[in-house]
Amino acid sequence: MFVTYLRRELAGRRKQTAIVAIGMALAIALVIIVNAVSSGVQLAQSTVLASVYGVGTDITVSETPAAPTEGEAGANGPQNFDFGAEDGATTDGTTTVSQARLSVDRATTSFDSAALDTVSGIDNVTAAAATLSLSNTTFDGALPERSTTDTGTMPTGDDAAAGGTPPSGGPDGAGGSSFSVDSFTVLGLDPADEAVGPLSAVTLTDGRSLERSDAGTNVAVLDASYATTAELVVGDTVAIAGTDFTVVGLVTASSADAATASNVYIPLDVAQTLSGLDAQVTDIYVQAASSTDIDQIQTDIEAALPDSTVKTQADLASSVSGSLSSASDLVKNLGLWLSLIVLAAAFLIAILFTISGVTRRTREFGTLKAIGWSNGKIVRQVAGESLVQGLIGGVVGIAVGLIGILVINLVAPTLTAGSATTEAAGAMGGPGGGFGQAAVEATTSDIVLQVPVTLSVILIAVGLAVVGGLLAGAIGGWRASRLRPAEALRSIA
Amino acid sequence: MYQLTNVTKKYDQGKRSVTALNKVTLSIPDGQMVAIQGPTGGGKSTLLQMLGALDRPTEGTVELGTSNLSKLGDGPLGKIRAQEIGFVFQGFNLIPTLTAQENVETALAPLGIPAAERTARATAALASVGLGERGSHLPAELSGGQQQRVAIARALVKEPAVLLADEPTGNLDEQTRDEIMELLEGLWRDRGLTLIVVTHDSAVAKRAQRRLLIKQGVVKEIS
Ligand SMILES: Nc1ncnc2c1ncn2[C@@H]1O[C@H](COP(=O)(O)OP(=O)(O)OP(=O)(O)O)[C@@H](O)[C@H]1O
Ligand SMILES: [Mg+2]
């Protein structure tokens, strides 16, 4: 009887069934899509993070930058290129000068590498690696030769500094000057560390990676896309701080779209020597024994190294910027609220329609009670109807949701992600006056959003359909159970 | 056998209280056909609710056989209705989405009767009211008289001891009214039911063995 009655009721009241089911279907489709997009965005975020920080990295440690002391031209001050009178080479009335600097980014502070031992000694740390993040800036200038209009004797340094007759040489032949500044990022890392750190998440596309025996030698591994821009291949040399390095390998991020952490990778000890930062590092990458240890390790490192900034993957995720981060925010805020509101509306529609259905069927249920149907039997009937309406909505909703996900994956929207690791602007003072330039570009990458369909999303949808149906059914059933059997005798007015 | 003793039923309507039945004492032997007449609002339906275990009196006792209906809870009252009492209503009260056959089967659903037996008994009940061919029709596809026959089949399929009818011919024309009354009378005679019919219609009431008049909640015998 239960099944017959249920079937007849749903088929006989198609409009009510359709409205409740459609409301439920819309809500469930939305929940599925929002949920799936949200995990797609998270996936993209972890892809970006993995390519920048390495796969196994749970925690990074860096020094909290201190404000530079007034008047102190330290490593973090503006970069000055000073040229003496004898610097440069002169041909055809033009003096060309070139200088390269390898230094720590302005936003970064280096610290004693002894911190690595401290970190390695902390409980539940399985691996730790220290790196020195530097940027190499090359200044090339061409300026008029100072002595061409002079008396014919080579000027002494003092004479040149004192000035002379107006210059006529230079690249434009009229005493003008031209300067160019080129910079790229250099990461010094211990070639012996392979488990954790920036190079743990990259794919070798050509040559070889850095090896233990590379310590102390002038070899470099390049980010493949940087190598393309700089027109460098394996076997070429790249000048870092005026020293030639042999390019031994090219790497790309494991996920095709993201960039790697740095343009150039060289052995840590060489980087320290070249930059004059002996036994100094800028970042420590830490791998935890298990994800449950991360909080403890973070606390312990902060206690052991009070000046340090300790970031977990969760903190790192918030450093991903760009449209990926906007998408993430959008999904988290708008998507969540929208699906909650639509879900609440759908539940409300289901409840209201069930209640109005029970009210309309007062005489029907009164009659059934009068001929001996128990309350339980009637409640089961009402709840069963709502549950099936919810489930129909659930099935339709899952179908619509899956189609929505399919459409998103076919459209495959591209998101740009920047990881805010190396954003700093450097002001440089040169002979031609002060000018500013963005010293290091933020690492940006394009990620194609791929939305995964997971079993859990489907289960959540089915669960919501059941909950919605049962909620409406429980409320409707409760109303029906309170009807008096004497309602059956009410004359039809 | 019904035994009503000092039955009073009051309805609270806000501050006012309506006395629908006022100290009614009445006994109805098994197998009797009783007509209940009276002006509108006199308390006919209220009395039928007491007899049909649909409601409990405010005061007094209602006994059906050995059961005291005024003391039983909702569950036991429901069981008595399911087993002992058949109802026929003025408005037919069929479930609009169920077929005639299924409507008759609803009366057997609370009795835990297996599906096959349910179907057979419902088919037989429909045949006994002259609707053997109409089992698969929805109520909306049947005339008023046919709907009331389905309702009578639903009331009788469980073979109750008592059949209660509240204005069973109130919505029917004269011709159909007589057909339905003849059907009810025939069933009463054949099955030895107690048949209690509430009616405005003297033509209907005249067929009964015994006639009661209810005015302002007070019952009088009409001889
Ligand atoms: N559920 C209720 N709540 C309040 N008052 C009620 C209720 N049911 C009946 N009454 C009142 O009790 C009195 C008797 O009503 P009842 O329905 O028994 O009359 P009736 O004789 O069946 O009338 P009719 O011929 O119009 O059907 C009336 O005054 C009615 O208003
Ligand atoms: Mg009445």
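Before reading further, recall that the structure is shown in the block above.
Quick summary incoming for the structure in this document.

Cut-off values and rules
Residues numbered from 1 in each chain as written. Chains lettered and ligands numbered in written order. Predicted model: local features only at pLDDT ≥ 70, side-chain atom pairs only at ≥ 80, totals over all residues. Heavy atoms only, no water. Contact = heavy atoms within 4.5 Å. Buried area = accessible area lost by both parts, 1.4 Å probe. Salt bridge = Lys/Arg side-chain N within 4 Å of Asp/Glu carboxyl O. Polar contact = N/O pair within 3.5 Å; in protein donor to acceptor, adjacent residues only side chain to side chain. Helix = DSSP H or I, 4+ residues; strand = E, 2+ residues; numbered from the N terminus. Expected span 1.5 Å × (residues − 1). Buried < 20%, exposed > 50% of the residue type's maximum accessible area, 1.4 Å probe, protein only. Arc of directions from axis to C-beta.

Observations regarding the interface of chain A and chain B
Size of an interface, as often reported, equals the accessible area lost when the parts are brought together. Taken together, the contacts link 24 residues of chain A with 29 residues of chain B. Summed over both sides, the interface of chain A with chain B buries roughly 2,200 Å², with 63% coming from carbon and sulfur. Viewed at the interface, chain B and chain A are joined by two salt bridges. Notably, a salt bridge pairs glutamate 102 of chain B with arginine 8 of chain A, separated by 2.7 Å at the nearest N-O pair. Joining chain A to chain B, the criterion identifies seven residue pairs in polar contact (both at pLDDT 80 or more). Going through the elements one at a time, α1 (2-12) and α10 (362-370) of chain A are the ones with two or more residues in the side of chain A that touches chain B.

Points about helix α4 (residues 115-128) of chain B
The α-helix winds at 3.6 residues per turn, so residues separated by three or four positions along the chain end up facing the same way. Residues and elements named next belong to chain B. With 14 residues, α4 should cover 20 Å at 1.5 Å per step; its first-to-last C-alpha distance of 20 Å lies within 8% of that length. Every buried residue of α4 is accounted for by Arg118, Ala122, Ala125 and Leu126. Seen end-on, α4 carries its buried residues on one side only, within an arc spanning 100°. Turning to α4, the residues buried within the fold contact α3 (100-105) and α5 (144-156). In the stretch just after α4, glycine 130 is the one whose phi turns positive, near 80°.

Quick look at the pattern of salt bridges
All names here are of chain A. Under the counting rule described, the total for this entry stands at 20 salt bridges over all chains. Note that aspartate 214 and arginine 208 form a salt bridge whose closest N and O atoms lie 2.7 Å from each other. Exposure remark for aspartate 214: the relative accessible area of 4% places this residue in the buried category. Looking at arginine 208, the relative accessible area reads 27%, which means it is partly exposed. The salt bridge partner of arginine 361 is glutamate 364, with a shortest N-O separation of 3.3 Å. Comparing arginine 361 with glutamate 364 shows no difference in burial state: the two are buried. Through salt bridges with shared partners, one network takes in Glu9, Arg13, Arg361, Glu364 and Glu385.

The values are spatial; any link to function lies outside them.
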